Amino acid sequence: MAIETVPPPASHEALSQQRRARERLKVFGLVFPGLFWLTFFFALPLVVIFIYSFLTPGPRGDVVWIFTFDNYARLFTESLFVNAYIRSIWLGILTTVICLIIGYPLAVFIAQAPPRWRTILLFMVLIPFWTNFLVRTYAWMIILQNNGLINWIVTSLGFPRLSLMNTQTAVLIGLVYGELPFMVLPLYASIDRFDFTLMQAASDLGASKFRAFTRVMLPLTMPGIAAGSVLVFIPTVGQFVVSDLLGGAKVDMLGNLLQRLFTRANPPNWPLGSALALMFMLVLMILIVFYFRSTTEDDR
Amino acid sequence: MNDGIAIELDDIVKSFGDVNAVDHVSMQIRDGEFFSMLGPSGCGKTTTLRMIAGFEFPTSGRLKIHGKEMGNTPPYRRPVNTVFQSYALFPHMTVAQNVAFGLEMKRVPKEQIKERVQKALELVRLPTFGDRYPRQMSGGQQQRVALARALVNEPEVLLLDEPLGALDQKLRKEMQFELKRIQEELGITFIFVTHDQEEALTMSDRIAVMNAGRVLQIGTPTEIYERPNCRFVADFIGESNFIEGTVRASNGQYATIETSDGLEMQGYTEQPVSVGSSVVLSLRPEKARLSTVNGNNSQKHEANTFPAKVERVSYIGSDTRIIVRLASGRTIDVWEQNTRSTLDRDAYWQPGEAAILSCSVENALILTS
Amino acid sequence: MIDLSQTSSQTAQKSSTRKPFSLGKTTLTVVSVLTYMFLYIPIIILVLYSFTTDAFGARLTGFTLSWYEQLWRDQRLMGATLNTLYVAFVSMIVSTIIGTMTALALERFRFRGRAVYDAFLYLPVVIPEIVMALSLLAFFSFAFNLIRQLTGIQLRNGLATVIISHIAFSISFVVIVVRASLRGFDQRMEEAAYDLGANSWQTFWRITFPLILPGIIGGGLLAFTISLDDFIISFFTTGPGTSLLPVEVYSQVKRAVTPKINAISTLMLAVSMTLVVLSQVVQRPRT
Ligand SMILES: Nc1ncnc2c1ncn2[C@@H]1O[C@H](COP(=O)(O)OP(=O)(O)OP(=O)(O)O)[C@@H](O)[C@H]1O
Ligand SMILES: [Mg+2]
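Figured I'd write up the structure that's included with this text. (Residues numbered from 1 in each chain as written. Chains lettered and ligands numbered in written order. Predicted model: local features only at pLDDT ≥ 70, side-chain atom pairs only at ≥ 80, totals over all residues. Heavy atoms only, no water.)

### Brief notes about the overall build of chain A
Part 1 of the reasoning: Along the backbone of chain A there are 13 helices and two strands.
Part 2 of the reasoning: Computed over its C-alpha atoms, the radius of gyration of chain A comes to 27 Å, more than 25% above the 19 Å expected for a compact globule of 300 residues.
Part 3 of the reasoning: Reported as C-alpha extents along the three principal axes, the dimensions of chain A are approximately 110 × 70 × 35 Å.
Part 4 of the reasoning: A fraction of 66% describes how many contacts in chain A between residues 6 or more apart in sequence connect residues 24 or more apart.
Part 5 of the reasoning: Surface exposure of chain A reaches about 14,300 Å², of which carbon and sulfur atoms provide 69%.
Part 6 of the reasoning: Of the side chains in chain A, 21 bear a positive and 15 a negative charge, and the two mean positions are spaced by 5 Å. (Helix = DSSP H or I, 4+ residues; strand = E, 2+ residues; numbered from the N terminus. Rg over C-alpha atoms; globule rule 2.2 N^0.38 Å. Contact = heavy atoms within 4.5 Å. Areas by Shrake-Rupley, 256 points an atom, 1.4 Å probe, with all protein chains shown as cover. Lys, Arg positive; Asp, Glu negative; His and termini not counted. Charge placed at Lys NZ, Arg CZ, Asp CG, Glu CD.)

Below you can see the structure in the form of structure tokens.
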């Protein structure tokens, strides 16, 4: 029999280092593309506007590399900006609350439907969103405009024409329509997990239906409410198309100001726009952190 | 070249953070052996098995399969296959595709695969189930598919992690029998993890009893049951009365101890014990005998006889289980087999009755603590 | 954001224990039907008005298919539509691949900086789209300036910048969806495959990939929808020579609309609904 030459056993440290090196290579390979993309096309752009926000606007819409705090100072002193902040956040809150009031019953309805129907009903919430956001907003223009569908019906019934377009109501309708599914989906996810026999248990213990709802169901579905609210609130506040098309530039939101500062103003003012955008982001983040903290405390 | 040793663990340690899940374990598993690992939950059985399979790597120590050091060898290059506790059948493949998977990985020719898959399914008595999906089968059938999927690769060693854990009592018994049959038919080494002692005792050639990451005893079922080497093993396998005491005299095989409550008892020891050391005496309840005070049985002449009073009697069909109290106040469990069939109450022990408890020296096992 | 196939199978088990709960069942039904009407009336109007003979698309004055015919000949609108579909398709493919890789890394491995990266990935979801769009606009102009000064080559915004931006926006959403399906995945399946002699590569393609495919398809569909639905990022990152459907609609709406817009929207709706139904059919036998 041949004499086997057995290699000396490698030490355990060497072996586990080999394994760890191999694993590190795999992790690197998997993480790199995403990290690269998000660093270059998400993080770096934010850094660029952060830098711009401290520069001076040039005469031809360009930037001059002179450091200044002026842009931020203007945000806090000019009523145009302050009002836009307040209006945007107010419209955002209104939209969120309306979406919640409409979306909650709908989510309950879907969760209680027979299993085979649930997927279909959920899909039906999504289907309108397989068109472009802009097209959906345009559909509301057809309905609301002065010689649009509603006024056609109203006038053929012999009533006077209503002016619906270019009002805050029109903007609100458009916003709610645009964001409703983002409320319904997370609400459904958490209501679906909710055990409805708990409601029976609560009424068994003497709670009225209302009390059972506020004391049992609402707290237990709070994660869905929180997630849905944030998903609706953020894009709403940053909107400019809806207020532009349905509000007729009468109802200025932050998004409209931003769009104007970056593209339409003569000349464009990117440093001021950058400061406005960053401030806007900051305010939103703070609001959201507070909101999440308060809803999770309710949970306990 | 490997002296009939299939698997060799040499001083293996596996730690997760501060915890040593496996703590200096050494054992040798022979070719063709049905080897069981038995122990309470969390004692490191699964971890040991996973190291053999290659899903985990030892923190220190050596692992050899057929004399070959495993080191960094990944699971797919080891000549072992695993039957998982939850079966881990691939839900998106049919039974036949599941079984064929290992052969495809080895690039076995197509016609051969078909043939071997069919043979494997026949071996586990599911010859007609090839086209079904796992979810269309019962737990017991899925278990057999998992077995076929592992066996079709003709592994040198088959690892089974509580493969019968999810089955009901009757199916379990059936599968125990099947497993044993297949193992004998193929002559493969089985390493079987269980925490069911009866299962381990009936099926195994040898058993390793583990606790807290350590192997306490390795031996045949009879050795483990009849000659446990420590209190834990005696307690974990079967039941036992434990009586603490101090050695008064010893002559190698036999020793006399004085118990904590002042009795003098004689017992058998495997290893010599030194006079004065504290030990524990283990007495299996079915090996203690109870006789009436005025009967003249030969048992009275046994070394260990004590007057006792019957305290509780429970009839459980095959046995009657009796708790007696000795004069010192100590209670002892005694099981008597019901060999006669009678409805006469007087044929059984009555609470309050006086009796003589006795046991032979060989049945009183002295364990060092 | 929800993998429909998963939630439905999970709820199916529970339904047996769930008793009908009578919190004003009829009220609930009525409210829900009204809500569905609210969701669908604009869409139905949009479709109906694509057949109107009224040149301004404001009234239903008669039935005609001429808008579809004119649409076919409208180079600009057709080009914009094709561009939009192309952007959505490329962005879906790239972000699904990158997102799936990222999800695998986060779910399967512990590595330094994992928690930070995890939190970082949620930022594109919670940061307002317009901030992202403007920062990309600024970034591209900054970068192109730099490139011109260094090399003399003048790059301009166009389809490429839109695609790059859509991918950056979609990756996080894909990661969230794919991670959910990886979390529901029994890792012993992979161990079983290794045990049967498959290496990591074979295990991934034969076991892991087919089993998480519904999640990947879900993530891909979400990325496709996001891109198709997006207006804000497209608006700010596209260039003067490149037209995209939403940007085209925006400029037309501000001037004068013709029912051609309705016609193209109807077609896109039909296409995307077909895609969704198909993807559901493809996913069904697997789950
Ligand atoms: N990946 C891990 N990380 C940390 N600790 C672990 C890991 N795997 C196992 N352990 C710990 O190691 C110990 C042994 O676990 P193991 O799974 O081997 O037990 P077991 O004997 O198989 O138990 P059971 O009968 O319950 O299956 C346990 O304390 C367990 O908590
Ligand atoms: Mg275990």
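### Remarks on helix 5 (residues 169–186) of chain B
One turn of the α-helix equals 3.6 residues, which is why residues spaced by three or four share an orientation.
Residues and elements named next belong to chain B.
Part 1 of the reasoning: Its 18 residues give helix 5 an end-to-end C-alpha distance of 26 Å, which sits within 8% of 26 Å, the value for a rise of 1.5 Å per residue.
Part 2 of the reasoning: Tucked into the core, helix 5 has its buried residues touching strand 3 (34–38), helix 3 (110–123), helix 4 (139–151), strand 7 (157–161), strand 8 (189–194) and helix 6 (197–203).
Part 3 of the reasoning: Downstream of helix 5 by a residue or two, Gly 187 has a phi angle that is positive, lying close to 70°. (Expected span 1.5 Å × (residues − 1).)

### Considering the interface of chain C and chain A
Part 1 of the reasoning: Opposite the 97 residues of chain C that make contact, chain A presents 97 residues.
Part 2 of the reasoning: Summed over both sides, the interface between chain C and chain A buries roughly 9,000 Å², with carbon and sulfur atoms accounting for 77% of that surface.
Part 3 of the reasoning: Viewed at the interface, chain A and chain C are joined by one salt bridge.
Part 4 of the reasoning: In this structure, C:Asp229 and A:Arg136 form a salt bridge, with 2.1 Å as the shortest nitrogen-oxygen distance.
Part 5 of the reasoning: If you look at where chain C meets chain A, you find eleven residue pairs in polar contact (both at pLDDT 80 or more).
Part 6 of the reasoning: Of the residues forming the side of chain C that touches chain A, the biggest block, 15 residues, is contributed by helix 2 (residues 25–48) of chain C.
Part 7 of the reasoning: Of the residues contributing to the side of chain C that touches chain A, the split by class is 67 nonpolar, 21 polar and nine charged. (Buried area = accessible area lost by both parts, 1.4 Å probe. Salt bridge = Lys/Arg side-chain N within 4 Å of Asp/Glu carboxyl O. Polar contact = N/O pair within 3.5 Å; in protein donor to acceptor, adjacent residues only side chain to side chain. Nonpolar A, V, L, I, M, F, W, Y, C, P; charged D, E, K, R; others polar.)

### Observations concerning the sheet that holds strand 3 of chain B
Residues and elements named next belong to chain B.
Part 1 of the reasoning: Pairing is mixed across the open sheet formed by six strands, whose spatial order is 6-7-8-3-9-10. One side of each edge strand has no neighbouring strand; the edge strands of this open sheet are strand 6 (80–83) and strand 10 (214–219). When strand polarity is set aside, the average angle formed by the axes of neighbouring strands in this sheet is 20°.
Part 2 of the reasoning: Two strands pair when backbone bridges link them, and strand 3 and strand 8 are joined in this way by five bridges, in the parallel orientation. Of the residues in strand 8, the one forming a bridge with Phe 34 is Phe 190.
Part 3 of the reasoning: Contacting strand 6 and strand 7, helix 4 runs over the sheet at an angle of about 175° to strand 6.
Part 4 of the reasoning: Running over the sheet, helix 5 touches strand 3, strand 7 and strand 8 and is turned about 160° from strand 8. (Pairing = 2+ DSSP bridges. Axes fitted to C-alpha atoms, helices over the stretch in contact; angles between N-to-C directions.)

### Let's talk about the state of the cysteines
Residue and element names in this part refer to chain B.
Part 1 of the reasoning: Enumeration over the complete set of coordinates arrives at zero disulfides over all chains.
Part 2 of the reasoning: Cysteine Cys 43 is unpaired, with the sulfur of Cys 230 as its nearest cysteine sulfur at 13 Å.
Part 3 of the reasoning: On the basis of relative accessibility, which here comes to 1%, the residue Cys 43 falls in the buried class. (Disulfide = S-S within 2.5 Å. Buried < 20%, exposed > 50% of the residue type's maximum accessible area, 1.4 Å probe, protein only.)

### Focus: the sheet that holds strand 1 (residues 5–16) of chain B
All names here are of chain B.
Part 1 of the reasoning: One open sheet accounts for four strands, arranged 2-1-4-5; its pairing is antiparallel. Of all strands in the sheet, those bounded by a partner on one side alone are strand 2 (19–30) and strand 5 (68–69).
Part 2 of the reasoning: Along the sheet face, helix 1 (residues 45–53) touches strand 1, strand 2 and strand 4 (60–65) and points at about 120° away from the line of strand 1.

### Some words on the interface of chain C and chain B
Part 1 of the reasoning: Counting residues at the interface gives 19 residues for chain C, matched by 24 residues for chain B.
Part 2 of the reasoning: Both faces considered, chain C and chain B share a buried interface measuring about 1,900 Å² in area, 62% of it formed by carbon and sulfur atoms.
Part 3 of the reasoning: The largest per-residue losses of area from chain C upon contact with chain B belong to C:Asp195, C:Leu196 and C:Arg206, which jointly make up 37% of the total buried on that side.
Part 4 of the reasoning: The interface formed by chain C and chain B contains two salt bridges.
Part 5 of the reasoning: A salt bridge links B:Glu104 to C:Arg206, with the nearest nitrogen and oxygen atoms 3.0 Å apart.
Part 6 of the reasoning: Counting across the interface, chain C meets chain B through seven residue pairs in polar contact (both at pLDDT 80 or more).
Part 7 of the reasoning: Looking at the side of chain C that touches chain B, the elements with two or more residues in it are helix 8 (188–195) and helix 9 (200–229) of chain C.

### Here we look at the packing of helix 2 (residues 95–105) of chain B against helix 3 of chain B
All names here are of chain B.
Part 1 of the reasoning: Running from N to C, helix 2 and helix 3 cross one another at 120°; their axes reach a closest spacing of 9 Å. Between helix 2 and helix 3, the crossing angle belongs to the class labelled oblique. When the axes of helix 2 and helix 3 are compared, the crossing they make is right-handed. Contact with helix 2, carried on its side by Val 95, Ala 96, Val 99, Ala 100, Leu 103 and Glu 104, involves Ile 113, Arg 116, Val 117, Ala 120 and Leu 121 of helix 3 and no other residues of that element. (Parallel < 35°, antiparallel > 145°, perpendicular 65-115°, else oblique. Left-handed = near helix turned anticlockwise from the far one by under 90°.)

### Details of the site of ligand 1
Residue and element names in this part refer to chain B.
Part 1 of the reasoning: Contacts to ligand 1 come from Phe 16, Ala 21, Ser 41, Gly 42, Cys 43, Gly 44, Lys 45, Thr 46, Thr 47, Glu 162 and His 195.
Part 2 of the reasoning: Between ligand 1 and the protein, one listed contact pairs an oxygen atom with a backbone N or O atom of Gly 44 at 3.0 Å.
Part 3 of the reasoning: At 2.5 Å from an oxygen atom of ligand 1 is found a side-chain nitrogen or oxygen belonging to Thr 47.
Part 4 of the reasoning: If ligand 1 stood free it would expose 630 Å²; the protein chains cover 59% of that surface.
Part 5 of the reasoning: Ranked by residues supplied to the shell around ligand 1, first place goes to helix 1 with three residues.
Part 6 of the reasoning: Among the residues making up the shell around ligand 1, the classes are represented as three nonpolar, six polar and two charged. (Near = heavy atom within 4 Å.)

### Section: the pattern of salt bridges
Residues and elements named next belong to chain B.
Part 1 of the reasoning: Applying the stated criterion to the full structure yields 37 salt bridges over all chains.
Part 2 of the reasoning: The salt bridge involving Glu 226 is made with Lys 287; its shortest N-O contact spans 2.4 Å. Taken together, the residues Glu 226 in helix 7 (residues 221–226) and Lys 287 in the loop between strand 14 (278–283) and strand 15 (289–291) connect sequence positions 61 residues apart.
Part 3 of the reasoning: Under the relative-accessibility criterion, Lys 287 is labelled buried at 18%.
Part 4 of the reasoning: Look at the salt bridges and you will find they share partners, linking Arg 125, Arg 144, Glu 174, Glu 178, Arg 181 and Glu 185 into a network.

### Digging into unusual backbone geometry
All names here are of chain B.
Part 1 of the reasoning: One non-glycine residue with positive phi stands out, namely Tyr 87, at about 75°.
Part 2 of the reasoning: Of the residues examined, Tyr 87 reaches a relative accessible area of 5% and is grouped as buried.
Part 3 of the reasoning: Here Arg 125, not a glycine, exhibits a phi torsion of approximately 65°, which is positive.

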